[in-house]
Amino acid sequence: MEILEAIRTMRVIRRFSPEPIPAELLDTIIRAGRHAGSSKNLQRWAFIVVHDRSTLERLSKVGAFAGHVAGATVAIALVTPAVGPNDPWSIMWDLGRTAQNMTLAAWSLGIGSVPATVYDQPLARSILGYPEDHWCEYILSLGYPADPSDLTRSPKAGGRRPLDEMLHDERW
Ligand SMILES: Cc1cc2nc3c(=O)[nH]c(=O)nc-3n(C[C@H](O)[C@H](O)[C@H](O)COP(=O)(O)O)c2cc1C
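Conventions and cut-offs
Residue numbers restart at each chain and count upward from 1, following the sequence in its written direction. Given that this is a predicted model, residues contribute local features only at a pLDDT of at least 70 and side-chain atom pairs are listed and counted only at 80 or more, while totals for whole chains, interfaces and linings are drawn from all residues. Just so you know, side-chain values use all the structure's heavy atoms and leave hydrogens and water out. Strands are runs of DSSP state E lasting at least two residues, helices are runs of H or I lasting at least four, and both sets are numbered from the N terminus onward. Neighbouring residues are identified by heavy atoms, a residue being near a molecule or strand if any of them is within 4 Å of it. Here a polar contact is taken to be a pair of N or O atoms separated by no more than 3.5 Å, where protein atoms must pair a possible hydrogen donor with a possible acceptor and residues adjacent in sequence count only if both atoms sit in side chains. Computed with a 1.4 Å probe, the accessible areas rest on the Shrake-Rupley method; for each residue, only the protein chains presented here act as cover. The classification used treats Ala, Val, Leu, Ile, Met, Phe, Trp, Tyr, Cys and Pro as nonpolar, Asp, Glu, Lys and Arg as charged, and all other residues, Gly among them, as polar. In this description, strands pair whenever DSSP reports at least two bridges between them. Fitted lines through C-alpha atoms serve as axes, helices being fitted only where they are in contact, and the angles separating the N-to-C directions of these axes extend from 0 to 180 degrees.

1. Some points on unusual backbone geometry
Inference 1: Even without a glycine there, the phi angle at Lys-40 is positive, about 55°.
Inference 2: With respect to the secondary-structure elements, Lys-40 resides in the loop between helix H2 (23–34) and strand E1 (46–50).
Inference 3: You will see that Gln-43, though not glycine, has its phi angle at about 50°, which is positive.
Inference 4: You can see Gln-43 is positioned in the loop between H2 and E1.

Listed below in structure tokens is the structure:
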């Protein structure tokens, strides 16, 4: 799939089919994340790959909108060093880039994804075992869509703000 087509067509997928993701495709997705550039090339990320159904079900309780993790074929927890309020925002940019690489790579392979925002950090930490000085803000659910037509679903009307609402010419 052309990159511009993938960017234009990608939607989140929250319901997944039981079809397994072949190991080589999962590897391709994870390596796409690894390739992301990052501030000072610090690569402040680690990925915890979860297949175990009972762990996925437990992870689906870490956030108010994390229910989809229970039905994911695989989840990838995105872990970074913990940052404080005075730290630069670059880690957010970096994590967004690695996540977008993974989700676009997945989409180009016909595999859907959706993030889950982690609200209960102690619960996520107890399930996943990452150290106290690390943080998991997002978990990606991945899988083939339960409804394959979701791969070609057109954006809902109003799904994105009009360009002229966000675009400024020369000055705000
Ligand atoms: C930073 C971020 C956090 C998100 N957290 C959740 C979440 O916790 N649960 C969820 O179901 N979707 C989550 N989403 C998915 C958004 O709801 C979704 O991208 C948005 O509604 C647009 O959907 P579309 O890409 O299918 O048009 C998150 C997206 C982003 C970028």
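Back to the text.
2. Brief notes about the site of the ligand
Inference 1: The full set of residues close to the ligand is Arg-11, Val-12, Arg-14, Phe-65, His-68, Val-114, Pro-115, Ala-116, Thr-117, Tyr-138 and Arg-160.
Inference 2: His-68 is positioned with one of its side-chain polar atoms (N or O) 3.5 Å from an oxygen atom of the ligand.
Inference 3: At a separation of 3.0 Å, an oxygen atom of the ligand approaches a polar side-chain atom of Arg-160.
Inference 4: Here the ligand, which alone exposes 620 Å², has 60% of that area covered by the protein.
Inference 5: No other element matches the four residues that strand E3 (residues 112–117) contributes to the shell around the ligand.
Inference 6: Considered class by class, the residues forming the shell around the ligand number six nonpolar, two polar and three charged.

3. Some details on the sheet that holds E3
Inference 1: The strand order across the open sheet built from four strands is E1-E2-E4-E3, with neighbouring strands paired in antiparallel fashion. Every interior strand has two partners, whereas the edge strands, E1 and E3, have only one. Along the sheet, successive strands turn relative to each other by an average axial angle of 25°, direction set aside.
Inference 2: Inspection of the sheet shows strand E2 (residues 74–81) paired to strand E4 (residues 134–143) by eight bridges, in the antiparallel sense.

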